[in-house]
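A closer look at the structure
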Amino acid sequence: MDLTRRFSFGINLDDAWRYAGAKAPKSIIFPHLISLGLPEGRALDQVEDFVIRLHKEREPSTAAARASLALADMLSDARVDFVRCWFSWNFFEPTPCPREGLARLLDDSYPEFPMDSLVRTLSEKGIGLVPVIACGYQRMLPEGLSVDRVEYVRRAYIHARLLVRRYRGQVRFWQIENEPNWWEMHSVGGWRSGASWVESTGFREELLKALNDAVHEEDQKALTIINLEGDAKDIGAGRFAGYCDILGLDFYPNYKSSAPIDTSVFRRATEAWRETGKPVVISETGYPSGPGVLGYSEQRQAEYVQAACSEAYGLEGVSAVGIWRYTDTPWRSFPEQENHFGLMDRDGRPKPAWRGYAASIRSLADRPVTS
């Protein structure tokens, strides 16, 4: 996988806890109340067991390893090039390291790296990985970590260095934080907590610079990505281009309306490429398969995914597209369409969009790339 040259097709994971052997986080506020008693069912485990038997692989020793192997097999069959995945901070540091121990932590390391199985399995299958690191969503932070401007930046810098050091040679592309031009809306939606995310005090720039520096200090061959919410009238690409090697854009043109399906907004990616001179990828785009009452459906989802692939592939300066997301999960968010973006349902059943995505990859992967 090379996000700066040939065109690559990717998939986003929103259930990284499965591959870390961790418990799913609590759903956001009100959706949590209706999701109580809905743990991930046995059906998904049965699907993973079937995939493993189908490929005649050795039975992995843990649930996380089994999930990683089944994922890699499915993606390999569909010719998916890369996975973009949250590497939640609290997987590695459940509670904040004491302040006086931070320097020692940087000299030593975390005691455990629960994403090892996923990294190793994807690498063995030739599938690239784009970890999203130091994302400040409340559900991903060490419990009780204060988002204090100075100390938070220092902690995030150390955290990023430890991850890059661990996976140097296996991971080349690292996304730092998530949608920094949209932090205010994340806070409104309950995804981020704390005044630092909404105050214009230079916190954004300080954090992104620290994370970009951390990646490059540990691995000079690594490349950093900053992804931006792309549907806004003013993306602000120039503001963030100096803190990364590659710009990622997230597009959801049908987030508020199910019709008409229109991916013309993707052209802003070419505008960002011309404005900044940076390679551009479409990190996220997707269409929910429900709720039906709002006009969403599995068939329309499949139509969108195929249209998105064709549109992205033909854009000058754009070298990848990542579809949001691989599977629905019991973790629930708001509004309701957030819970239906999976190309698989929560029991592991492929929706028509999964087959459509695989077909798009087959038809486009060997064509010449415009850019």
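Presented here is a report on the structure given in the accompanying data block. Predicted model only: the values in this text are computed from it and were never measured. (Residues numbered from 1 in each chain as written. Predicted model: local features only at pLDDT ≥ 70, side-chain atom pairs only at ≥ 80, totals over all residues. Heavy atoms only, no water.)

Observations regarding the overall build of the chain
Across its full length, the chain holds 14 helices and eight strands. Out of the 371 residues in the chain, the part that is buried amounts to 56%. In the chain, once contacts between residues fewer than 6 apart in sequence are set aside, the share between residues at least 24 apart is 74%. (Helix = DSSP H or I, 4+ residues; strand = E, 2+ residues; numbered from the N terminus. Buried < 20%, exposed > 50% of the residue type's maximum accessible area, 1.4 Å probe, protein only. Contact = heavy atoms within 4.5 Å.)

Here's the deal with the packing of helix α4 (residues 63-78) against helix α7 (residues 116-124)
A pair of packed helices can be characterised by two numbers: the angle between their axes and the separation between those axes. For the pair α4 and α7, the least separation of the axes is 9 Å and the interaxial angle reads 30 degrees. Here α4 is positioned roughly parallel relative to α7, judged by the angle of their axes. For the element pair α4 and α7, the recorded crossing hand is right-handed. Between α4 and α7, the residues in contact are Ala 64, Ala 65, Ser 68, Leu 69, Leu 71 and Ala 72 and Ser 117, Leu 118, Thr 121 and Leu 122, respectively. (Axes fitted to C-alpha atoms, helices over the stretch in contact; angles between N-to-C directions. Parallel < 35°, antiparallel > 145°, perpendicular 65-115°, else oblique. Left-handed = near helix turned anticlockwise from the far one by under 90°.)

Here we look at the pairing of strand β5 (residues 223-229)
Across the seven residues of β5, seven count as buried, placing the element largely inside the fold. Here β5 shows a buried face lined by Leu 223, Ile 225, Asn 227 and Glu 229 and a second buried face lined by Thr 224, Ile 226 and Leu 228. Alignment of strand β4 (residues 173-176) against β5, held across three bridges, turns out to be parallel. Bridge pairing in β5 links Trp 174 to Thr 224. (Pairing = 2+ DSSP bridges.)

A short note on empty space enclosed by the protein
If a probe as big as a water molecule is rolled over the atoms, it shows which places are left empty. Evaluation of the coordinates by the stated rule reveals two cavities of 30 Å³ or more. Each pocket or cavity is described by its volume, and for the second largest cavity that value is around 60 Å³. For the second largest cavity, the full set of lining residues is Leu 3, Phe 82, Arg 84, Val 130, Gln 175, Ile 225, Val 281, Ile 282, Ser 283, Ala 320 and Gly 322. Among the elements of the structure, β2 (82-87), β7 (280-285) and β8 (318-324) are those that each provide at least two residues to the lining of the second largest cavity. Element by element, the count of residues in the lining of the second largest cavity is highest for β7, at three residues. (1 Å grid on protein atoms, 1.4 Å probe; cavity = no way out; pocket = protein on both sides within 12 Å on 5 of 7 lines; lining within 4 Å. Points joined across faces, edges and corners; volume = space filled by probe spheres on them.)

Quick word on the side chain of Ser 283
For Ser 283, the position within the fold is in strand β7. Residue classification places Ser 283 among the buried residues on the basis of a relative accessible area of 6%. For Ser 283, the residues in contact, after removing those within four places along its chain, are Asn 12, Arg 84, Gln 175, Ile 225, Asn 227, Gly 248, Leu 249, Asp 250 and Gly 322.

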